[in-house]
Amino acid sequence: MSGPGDVRLLMKWLHAGVMEGGELREVKEGVPQGGSISPLLANAYLHYAFDLWVNQWRKRHARGEVYIVRYADDLAMTFQYEQDARAMREALASRLAKFGLELHPEKTRVIRFGRFARQDAERDGRPRPETFDFLGFTHIAGVSRRGEFQLKRRTSRKKRNAKLASLREEMRERRHEPVRAQHAWLSSVLEGHFRYYGVPTNYRALQQFRERVRASWHRQLQRRSQRAHWSRQQRTGFEQRFPLLQPRIHHPWPALPRASPSTRGGSPVREIRSPGSVRGAVRVDRR
């Protein structure tokens, strides 16, 4: 249990301020952006503001199954019935307002996703089902080779482009470092990228990311001298000496839940690694 000393320590964290451009800036409300204590405090806050509340809400109001995945302040929820999803959106907005929080108006959406998404899209005259981004992945209601529903995940275009832009900038700064040192650095970057984004159905995106990193690196190396371009023989020889890591799928297929034969007596709330196996879905961001 926490005591007065623990509360005083937390208050010191909250009022410590933040450094911006070498200057200390006072924080008058909220938690410091990027502070080491901020994720812990945010999770503790949301545990009471959201986690405990949503468990009670589904017992009292949900007609079907409810699945929830929350990572810090990013949240995805899936519902068996669209009616439950829309009711939750209204209830959640009201709940968060009591704690000085609000849903992001542009990122919070109720969409049809899962096993019935394609037939719903055809019925509504839409070319394809809607997608949503969560934790750096674009989630897609796809179809397997056998024609069955398959959850597909791709690296989010926004995350990919932002990462490539930052890498290009750092490549320029490292341009005159020893090639061996640059190769070691890029190898570690690719290893980290593949370990996070290496999920089934995402292999092509991993290949494209590697190719764009390779092309950017080679361009920077060629600018170290007056030579305009490498010949094909030079390029081949360099890639043999300093090969970049090949993509690899590191994670297994997600274990998607099966629908319960009955939902009487309250809908179970379950945490799953990848949402999208039930019919209704709501994508939630807070700000």
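Residues numbered from 1 in each chain as written. Predicted model: local features only at pLDDT ≥ 70, side-chain atom pairs only at ≥ 80, totals over all residues. Heavy atoms only, no water.

**Q** Please give an account of the sheet that holds strand S8 (residues 149-155) that cites residues and values.
**A** Strands sit in the order S6-S7-S8 across an open sheet of three strands; the sheet is antiparallel. Both outer strands of the open sheet, strand S6 (132-134) and S8, are each paired with one neighbouring strand and no more. This sheet shows a mean twist of 40° between the axes of neighbouring strands, independent of strand direction. Bridge count for strand S7 (residues 137-143) against S8 is seven bridges, and the pairing is antiparallel. Each residue of the ladder has a partner; that of valine 143, found in S8, is phenylalanine 149. (Pairing = 2+ DSSP bridges. Helix = DSSP H or I, 4+ residues; strand = E, 2+ residues; numbered from the N terminus. Axes fitted to C-alpha atoms, helices over the stretch in contact; angles between N-to-C directions.)

**Q** Quick one: what's the story with the side chain of glutamine 220, residue by residue and with numbers?
**A** Turning to its location among the elements, glutamine 220 is positioned in helix H7 (residues 203-222). Only 2.9 Å separates the side chain of glutamine 220 from the side chain of arginine 175, close enough to count as a polar contact. Apart from the residues lying within four places of it in its own chain, the contact partners of glutamine 220 are Met171, Arg172 and Arg175. (Polar contact = N/O pair within 3.5 Å; in protein donor to acceptor, adjacent residues only side chain to side chain. Contact = heavy atoms within 4.5 Å.)

**Q** Residues and numbers for the nonpolar core, please.
**A** Ranked by size, the top nonpolar core spans 21 residues in total, and within it Leu167, Met171, Leu186, Val213, Trp217 and Phe238 carry the most contacts. Considering each element in turn, this core owes the most residues, seven residues, to helix H6 (residues 179-197). With residues near it in sequence (within four places) discarded, leucine 167 still touches Trp185, Val189, Phe209 and Val213. Counting residues in each nonpolar core, the second largest holds 16 residues, with Ala62, Leu75, Leu92 and Val110 among its members. (Core = buried A, V, L, I, M, F, W, Y, C linked by side-chain atoms within 4.5 Å. Buried < 20%, exposed > 50% of the residue type's maximum accessible area, 1.4 Å probe, protein only.)

**Q** An account of the pattern of salt bridges is needed here, citing residue identities and associated values.
**A** Between side chains of opposite charge, a pair can form as their charged atoms come close. If you walk through the whole model with that rule in mind, you get 15 salt bridges. Across the pair arginine 70 and aspartate 51 runs a salt bridge, and its minimum N-O distance is 2.8 Å. One end of the pair, arginine 70, is in strand S3 (residues 66-71); the other, aspartate 51, is in helix H2 (residues 38-61), and 19 residues separate them in sequence. We note a salt bridge from glutamate 177 to arginine 174, for which the minimum N-O separation is 3.3 Å. By sharing partners, the salt bridges in this structure join Glu82, Arg86, Arg112, Asp120, Arg123, Asp124 and Arg126 into a single network. (Salt bridge = Lys/Arg side-chain N within 4 Å of Asp/Glu carboxyl O.)

**Q** Before we move on, can you summarise the environment of arginine 95 with the specific residues and values?
**A** Structurally, arginine 95 can be placed in helix H3 (residues 82-97). Since its relative accessible area comes to 18%, arginine 95 is described here as buried. For arginine 95 and valine 54, which are 41 residues apart along the polypeptide, the C-alpha to C-alpha distance reads 9.6 Å. Once you skip the residues sitting within four places of it in the chain, arginine 95 turns out to touch Tyr48, Ala49 and Trp53. Of note is the side chain of arginine 95, whose polar atom sits 2.8 Å from the backbone oxygen of alanine 49.

**Q** Can you explain a nonpolar patch on the surface? Please cite residues and give values.
**A** There is a patch of nonpolar side chains on the surface, built from Leu9, Leu10 and Trp13 and spanning about 270 Å² of accessible area. Considering the arrangement of structural elements, one finds leucine 10 in helix H1 (residues 4-14). (Patch = residues over 30% accessible without salt bridge, like charges linked within 9 Å, V, L, I, M, F, W, Y side chains within 5 Å. Areas by Shrake-Rupley, 256 points an atom, 1.4 Å probe, with all protein chains shown as cover.)

**Q** Any chance you could break down the packing of aromatic side chains for me, citing the residues and the numbers?
**A** For the coordinates displayed, the defined rule picks out eight aromatic pairs. In textbook terms, an aromatic cluster arises when at least three aromatic residues are bridged by ring pairs, as seen for Trp217, Trp230, Phe238 and Phe242. Stacked on the ring of tryptophan 185, the Lys or Arg arginine 174 has its end atom at 4.4 Å from the ring centre. (Phe/Tyr/Trp six-rings, centres within 6.5 Å; stacked < 30°, edge-to-face > 60°. Lys NZ or Arg CZ within 6 Å of the ring centre and 35° of its normal.)

**Q** Requested: an account of unusual backbone geometry, with residues and values cited.
**A** In this model, alanine 72 sits at a positive phi of 55°, which is unusual for a non-glycine residue. The residue alanine 72 is located in the loop between S3 and strand S4 (74-79) in this model. Phi at threonine 201 takes a positive value of approximately 80°, unusual for a residue other than glycine. By secondary structure assignment, the location of threonine 201 is in the loop between H6 and H7.

**Q** For H7, give the residues involved together with the corresponding values.
**A** At 3.6 residues per turn, the α-helix brings residues three or four places apart onto the same side. The end-to-end C-alpha distance of H7, which contains 20 residues, comes to 29 Å, matching closely the 28 Å that a straight helix rising 1.5 Å per residue would cover. Residues Ala205, Leu206, Phe209, Arg210, Val213, Arg214, Ser216, Trp217, His218, Gln220, Leu221 and Gln222 constitute the buried set of H7. Where H7 is buried, its residues touch S8, helix H5 (157-173), H6 and helix H8 (232-241). (Expected span 1.5 Å × (residues − 1).)

**Q** Account for the environment of arginine 157, with residues named and values stated.
**A** Position of arginine 157 among the secondary structure elements: in helix H5. A C-alpha to C-alpha distance of 8.0 Å links arginine 157 and threonine 138, two positions 19 residues apart in sequence.

**Q** Outline the confidence of the model for the protein, listing residues and values.
**A** Residues shown with low pLDDT carry predicted positions that ought not to be read at fine detail. For the protein, per-residue confidence averages 84 on the pLDDT scale, and residues scoring 70 or more make up 84% of the total. Model confidence for the protein, summarised as mean pLDDT per element, is weakest for strand S9 (residues 269-270) at 46 and strongest for H6 at 97. Residue range residues 259-282 is modelled with pLDDT below 50. Its contacts to residues more than four positions away, or to other chains, number 84 contacts. (pLDDT = per-residue confidence, 0-100.)

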